[in-house]
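Chain by chain, the residues:
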Amino acid sequence: MEQNNSLPPFQGLASPQGALTPVMPMFSPMMPYGSGLTPQPVTNTNSLSLLEEQQRQQQQQQQQQASAQQSGMPGGSGQTPQLYHSQTVTTTTLPGNTPLYNTTPLTPMTPITPATPASESSGIVPQLQNIVSTVNLGCKLDLKTIALRARNAEYNPKRFAAVIMRIREPRTTALIFSSGKMVCTGAKSEEQSRLAARKYARVVQKLGFPAKFLDFKIQNMVGSCDVKFPIRLEGLVLTHQQFSSYEPELFPGLIYRMIKPRIVLLIFVSGKVVLTGAKVRGEIYEAFENIYPILKGFRKTT
Amino acid sequence: MAAVGLKCPECGSLDIVDDEHYSQPQLVCADCGAVVSEGLLTTTRSEELQGTDVRYSNSTEVNKQPCRNQIKGIHRVRALCRILRLSFVMEETAENYFKQAYEHPSFIRVSLQKKEVLAGCCILATCRQHSWPITMGTMTCLLEANPKLMGVVYQEMVKALKIEAPPTSVIDLLETHCQAYKLSPQHVHEELSESSKDLTKRAAVLLELAADAWLVTGRQPVPILTASIYLAWQSLKPTQTRLKYTLARFCQMAKVAKSSIAPKRVTELKEVLCKLGQELPWLRGSEMTPQTVVQMVDDILNYRLTLLRKALKSHEAALASESELPPSLEDTQPGPRDDAPSLDATASQPDAESAQQPQQDVDLTCTVVMGGLSRAGSGQVSTPSKRSLFEPPSVTHAKIRRVQLPVKEVTGDEEISDSEIDSYIRTPQEMRDYAEAKEALSSSEEEF
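Everything quoted here is computed from the prediction, not taken from an experiment.

**Section: the sheet that holds strand β3 (residues 35-38) of chain B**
Residues and elements named next belong to chain B.
Then step 1. Spatial ordering of the open sheet is given by β1-β2-β3, a layout of 3 strands whose pairing is antiparallel. Lying at the two open borders of the sheet, with one neighbouring strand each, are β1 (16-21) and β3. Mean inter-strand twist for the sheet, computed between neighbouring axes without regard to direction, equals 30 degrees.
Then step 2. Where strand β2 (residues 24-29) and β3 come together, 3 bridges link them in antiparallel fashion. Paired with Leu27 across the two strands is Ser37, which belongs to β3.

Structure (structure tokens):
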């Protein structure tokens, strides 16, 4: 395999795993002896320090190789020739790998992501449908006053202990609590959610409260897309039992709980997929790229 | 010195001390020894630090006896297993699950109602693991519980105990479901009776066809079972008496619960059969309607593989010819037949001509594998406009979504205009009106 400088998006890793085997000799003749990373002599029988030295060596090599990757020279470190696996690295790992020298996410032996062969991306991009965010206005609020003085607010203390306020642009809804905390829902992008939250804070400010804009955080993102072919849900639940739950008597879709990234997908027979539980946009895209090859395997046409 | 200002009622001295007579606290005058006041001899329950009641579940007893509700629950599990006539192994497994789940932290404190449902859920999971066909609906009926609660508790239990219980397939449920239908000669008139074995066999083939045509995935299993048994019963002896029976009357006769969804499934299944029946060569061009299809079901099912292949071919031909036809020609063609399989709106009108050329070999992009119903038509997914012969109904009757406005690009840190914010705030006049209206409303409410 020739050297691949560009990693495929959201796939496992293409880092040179093969070079970093635990059976590597401690002091190879090529390794510069006085590099400053090998403080202890070979005769030291303390196994822990041996392991630490191994780790330090490997870390140094990995840094060298990272720079070698960029410079385009694979043999820079003088170690065993780098093996670039572009396929089948997503699920296997060598025993004894320490987390020290992983810069790209490694998947452990127990499958937390379903095993998928590296393939081209699907070409479908999930659309974001809803963003839920929270912000702290930093002051106590009198909900009765807000409900009285704001046009777009509703407040029914017997039903719910918060004011429900809506604005037209971006079209969102906010729940404003008397502690000063606010939840903003309905935006279609992160920036829109932030803008909407600022508008609500400004409304509250104009109503006479010393509102600030503290700790804005996106709590949940929901996306959806269509793979454009029908899916055999019964087959999918049989092969991916530990992740999926399909109860046609309760809900028509299959609930797939992906572990990495931690996203819940609702998969329907028509091919529509809803992804939820993400904190950043990339998680939704990554989850969809993970599920698409699996769904393609269950595509049946009659 | 006790509290400041206390005077001995006997001698008037201010020297009052806290003294204890055995365990009774007393305030005593130091000069004359008179007891000014005394406390209680015994402590109250709330003051005691040792010896208060500890809940049994919090106690440190090593070999805990199961609590009363747990014993009741285990009895319930056993009773349900006897009702369902499960084997001894399954009964043991269910009991084990129940014990584990009951002591699990997520179930030890739930309401009694949930604990009752938990018993049923354990049995359901055991049945699924041993491939014993039973629906969640049956268990819900036996427990007389809320179906939503049943679903919630079942999913929680599976997660808590980390067990894997594959859901039962619809075809496995068919045999047990069929036995509920009282159609033996002793129950109904001889002309209407049917043996359970024949009924099951015919219904199984219909069910397989329905499953391949995407009528089963994602839907409630019981209505489709009812629909396939009804059609099987009608088609086994398609006499006029049988054909006159509607689904509701059939369920009444067989002493089975009615369902509002089953008629829709019957219609869908008939449509699928029509699509296949259209390809029968001895029709000679006459139409196949849902009314007439029932008599031909026998033939359709016997030759369904061939008919499916033909239907796929004609569908391909229809799609190909439709893309070749210029728009003007399409208008002059005869209008689409209403009773023809309507699932593919674009290809409806060329069906007429393709049915008359069943032997024409169309250059197929797809390869139809012998005996593999499900693997046919793999080449049709090349372009998104080509649709397959059978599609899930949710795709065919897609919901009309409201038009999505294009997402505006914002940075999130823009300037917010004052006028926009002012539009959300009431004018003083409005506020006065609102306050008056509220007062008027509240006063009128008080009158009532």
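**As for the pattern of salt bridges**
Then step 1. Throughout the structure, instances matching the rule amount to 18 salt bridges over all chains.
Then step 2. Between B:Arg128 and A:Glu247 there is a salt bridge; the shortest N-O distance is 2.7 Å. Of this pair, B:Arg128 sits in helix α3 (residues 112-129) while A:Glu247 sits in the loop between β7 (244-245) and β8 (254-258), which puts the two residues in different chains. In this structure, B:Arg128 and A:Glu247 share a single accessibility class: buried.

**Comments concerning the packing of aromatic side chains**
Residue and element names in this part refer to chain B.
Then step 1. Under the definition given, this model contains 12 aromatic pairs over all chains.
Then step 2. With centroids separated by 5.7 Å and ring planes inclined at 45 degrees, the aromatic side chains of Phe98 and Tyr102 adopt a geometry described as tilted. Of this pair, Phe98 and Tyr102 both sit in helix α2 (residues 88-103), 4 residues apart, which is roughly one turn of that helix.
Then step 3. You can call Phe98 buried: its relative accessible area is 0%.
Then step 4. Accessibility expressed as a relative area gives 2% for Tyr102, which makes it buried.
Then step 5. Here the aromatic cluster, defined as three or more aromatic residues joined through ring pairs, consists of Tyr181, Tyr230, Trp233, Tyr245 and Phe250.
Then step 6. Across from the ring centre of Tyr245, 4.1 Å away, lies the NZ or CZ of Arg249, which sits over that ring.

**Examining the environment of B:Phe390**
Then step 1. Here B:Phe390 lies in the loop between α15 (351-355) and α16 (393-396).
Then step 2. Put simply, B:Phe390 and B:Asp212 are 178 residues apart on the chain and 8.3 Å apart in space, counted from C-alpha to C-alpha.

**What about the sheet that holds strand β3 (residues 162-167) of chain A?**
In a beta sheet, neighbouring strands are held together by backbone hydrogen bonds and run either parallel or antiparallel to one another.
Residues and elements named next belong to chain A.
Then step 1. In space, the 10 strands of this open sheet follow the order β2-β3-β4-β5-β1-β6-β10-β9-β8-β7, with antiparallel pairing throughout. With one partner strand each, in any of the chains shown, β2 (153-155) and β7 form the two edges of the open sheet.
Then step 2. Sheet topology places β3 next to strand β4 (residues 172-177); 6 bridges connect them, and they run antiparallel. Along β4, the bridge assignment pairs Met165 with Ala174.
Then step 3. Across the sheet, helix α3 (residues 190-206) lies against β1 (127-136), β3, β4, β5 (181-187) and β6 (214-226), angled at about 135 degrees from β5, the strand it touches most.

Procedures and definitions
- Residues numbered from 1 in each chain as written.
- Chains lettered and ligands numbered in written order.
- Predicted model: local features only at pLDDT ≥ 70, side-chain atom pairs only at ≥ 80, totals over all residues.
- Heavy atoms only, no water.
- Pairing = 2+ DSSP bridges.
- Helix = DSSP H or I, 4+ residues; strand = E, 2+ residues; numbered from the N terminus.
- Axes fitted to C-alpha atoms, helices over the stretch in contact; angles between N-to-C directions.
- Salt bridge = Lys/Arg side-chain N within 4 Å of Asp/Glu carboxyl O.
- Buried < 20%, exposed > 50% of the residue type's maximum accessible area, 1.4 Å probe, protein only.
- Phe/Tyr/Trp six-rings, centres within 6.5 Å; stacked < 30°, edge-to-face > 60°.
- Lys NZ or Arg CZ within 6 Å of the ring centre and 35° of its normal.
- Contact = heavy atoms within 4.5 Å.

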